[in-house]
Amino acid sequence: METIATSGMDHEQQETQKAIECLVHSQSTLVLSTVNADGTPYAAPLFYLAGGELEFYWFSSTSSQHSENLIRSRSVAVAIYASTEHWKEICGVQMRGAVENITDRKVRRDVTRRYCERFHLGRIFRLALSRSSLYVLRPSWIRYIDNSRHFGYRAEIGLPPRL
């Protein structure tokens, strides 16, 4: 697993960064929150692929509600968490940032290959992906939540803008 640069972070922030990376690489589904045209919130669960520098890739139909919402505003919120039925095991991340539609063929090819490998998708699904939009979120803010440390534990990481 690759990590993003931790220079300038204190020890606690570096430990939080490691915990976030472990969590997001152990899960498969994120909840993407966008805003509908009428101003109401919209949330969609999506398979994702975590990149090496805490970027998150997913494929979606251009006609999906969240894709249509992203045309109006690239600003989103995302949650990734481990499913549990015990409050002491609640652990997850909340993120905010701007989404980008990836059109670069080389990047699309690489992400498609890794996505299909991770989710064991066959040739038919690869064709569907080729007709879908590929999006990436590079978060500008992340909050880590971990009730195993104590009830309501949270730590925030502000990330510098990335291209």
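Residues numbered from 1 in each chain as written. Predicted model: local features only at pLDDT ≥ 70, side-chain atom pairs only at ≥ 80, totals over all residues. Heavy atoms only, no water.

Colleague: Tell me what's going on with the overall build of the protein, and back it up with residues and numbers.
Modeller: Assigned secondary structure in the protein consists of 4 helices and 8 strands. Mapped in sequence order, the helices and strands of the protein form the string α-β-β-β-β-α-β-β-α-α-β-β. On C-alpha atoms alone, the protein measures out to a radius of gyration of 16 Å, which is about the 15 Å that the 2.2 N^0.38 rule sets for 163 residues. Each principal axis of the C-alpha distribution contributes one length, and for the protein these read about 45 × 40 × 35 Å. For the protein, the proportion of its 163 residues judged to be buried stands at 41%. A fraction of 63% describes how many contacts in the protein between residues 6 or more apart in sequence connect residues 24 or more apart. When the accessible area of the protein is evaluated, it comes to approximately 9,700 Å², of which 52% is carbon and sulfur surface. (Helix = DSSP H or I, 4+ residues; strand = E, 2+ residues; numbered from the N terminus. Rg over C-alpha atoms; globule rule 2.2 N^0.38 Å. Buried < 20%, exposed > 50% of the residue type's maximum accessible area, 1.4 Å probe, protein only. Contact = heavy atoms within 4.5 Å. Areas by Shrake-Rupley, 256 points an atom, 1.4 Å probe, with all protein chains shown as cover.)

Colleague: With reference to specific residues and values, describe the pattern of salt bridges.
Modeller: All told, the structure shown has 7 salt bridges when counted by the stated rule. For the salt bridge of Asp-110 with Arg-113, the shortest nitrogen-to-oxygen distance reads 2.8 Å. One end of the pair is Asp-110 and the other is Arg-113, both in helix α3 (residues 105-119) and 3 residues apart, which spans about a single turn. When salt bridges that share partners are traced, they join Asp-110, Arg-113, Arg-114 and Glu-117 into one network. (Salt bridge = Lys/Arg side-chain N within 4 Å of Asp/Glu carboxyl O.)

Colleague: Lay out the pairing of strand β8 (residues 154-158) with the relevant residues and their values.
Modeller: Here β8 shows one buried face, formed by Ala-155 and Ile-157, and one open face, formed by Arg-154, Glu-156 and Gly-158. As defined by bridge partners, strand β7 (residues 133-146) adjoins β8 across 5 bridges and the pair is classed as antiparallel. Across the sheet, the residue bridging to Tyr-144 is Ala-155, located in β8. (Pairing = 2+ DSSP bridges.)

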